[in-house]
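# Structural features, examined
Each chain, letter by letter, is given below.
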Amino acid sequence: MKNTTNKFAWIVFGTMAMSIGLYPLIYFIIDRKFGLLASKSETLLNNIFWNTGFYGHILFGGLALFIGWVQFSKKFRTTNLQRHRNIGKIYVIAAMISGACGIYIGFHATGGLIASAGFISLGVLWLFTTYKAFQAARNKDIELHKGFMIYSYALCFAAVTLRIWLPTLTYFFGDFTIAYRIVAWLCWVPNLVFAFFWVRRKGLMLG
């Protein structure tokens, strides 16, 4: 029963990661006024720096989300270690670009200071944990690497949890801006708490 539950959870986890990882492609298929962009001013939408930051964030973030989840499969790692390393390098590059872009566009977040603080904090922590995971791998400290990668991907997975919470809270409050201010924190703080207990459960040392 436990194995069946774990397998189902793994399938759900992978499906959500891949589907939301591909989600940014929608912005190239339909009108740009779709989703979050509908809440942005024309001035911002025509700003080349903001557009670079926005598309850099969603495209590279989507890539990191799409490929990152398979790295947590022990079987996937052990059957081809070089493949694991190559995917890991792509994840790190994608996460660093997306995180940096996310910090920049966070200053222009819908919802003002509260939302900005939430998304900027997310970006900073994502950069930090990803860098620490990469550094640990370079130093061959596998235990430390695993621990920080759990934190890094938990923060990356905020892209999924945001899309779960945002419509729910928007419906509950009847106000997108209020919901967005809450989601700016709710999309990643519980993920980080979950990661903390996961790391502790696995006995990984992050000192």
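Residues numbered from 1 in each chain as written. Predicted model: local features only at pLDDT ≥ 70, side-chain atom pairs only at ≥ 80, totals over all residues. Heavy atoms only, no water.

## Observations concerning a nonpolar patch on the surface
- Nonpolar side chains collect at one region of the surface, where Met18, Leu22, Leu25, Phe28, Ile29, Ile30, Leu59, Phe60, Leu63, Phe66 and Ile90 lie side by side and expose about 950 Å² of accessible area between them.
- Sort the elements by how many residues they give to the nonpolar patch and helix 3 (residues 48-68) lands first, with four residues.
- Given a relative accessible area of 33%, leucine 59 falls into the partly exposed group. (Patch = residues over 30% accessible without salt bridge, like charges linked within 9 Å, V, L, I, M, F, W, Y side chains within 5 Å. Areas by Shrake-Rupley, 256 points an atom, 1.4 Å probe, with all protein chains shown as cover. Salt bridge = Lys/Arg side-chain N within 4 Å of Asp/Glu carboxyl O. Helix = DSSP H or I, 4+ residues; strand = E, 2+ residues; numbered from the N terminus. Buried < 20%, exposed > 50% of the residue type's maximum accessible area, 1.4 Å probe, protein only.)

## Describing helix 8 (residues 158-173)
- The end-to-end C-alpha separation of helix 8 is 21 Å, in line with the 22 Å expected for 16 residues at 1.5 Å each.
- Turning to helix 8, its buried residues number three or more, namely Ala158, Val160, Thr161, Leu162, Leu166 and Leu169. (Expected span 1.5 Å × (residues − 1).)

## Some remarks on the nonpolar core
- The biggest cluster of nonpolar side chains holds 44 residues, and the ones touching the most others in it are Leu65, Tyr91, Phe119, Tyr153 and Cys187.
- For this core, the secondary structure elements donating two or more residues are helix 1 (2-22), helix 3, helix 5 (81-106), helix 6 (113-138), helix 7 (142-156), helix 8, helix 9 (176-186) and helix 10 (189-202).
- Setting aside chain neighbours within four positions, we find phenylalanine 119 in contact with Gly106, Ala109, Leu162, Tyr180, Ala184 and Cys187.
- Among the nonpolar cores identified, the runner-up in size contains ten residues, and Tyr23, Leu37, Phe54 and Ile105 belong to it. (Core = buried A, V, L, I, M, F, W, Y, C linked by side-chain atoms within 4.5 Å. Contact = heavy atoms within 4.5 Å.)

## Side note on the confidence of the model for the protein chain
- On average, residues of the protein chain score 91 in pLDDT, and 94% of them are at 70 or above.
- Model confidence for the protein chain, summarised as mean pLDDT per element, is weakest for helix 1 at 84 and strongest for helix 6 at 97. (pLDDT = per-residue confidence, 0-100.)

## Focus: unusual backbone geometry
- One non-glycine residue, lysine 140, adopts positive backbone phi at about 60 degrees.
- Position of lysine 140 among the secondary structure elements: in the loop between helix 6 and helix 7.
- For lysine 140, a relative accessible area of 67% puts it in the exposed group.

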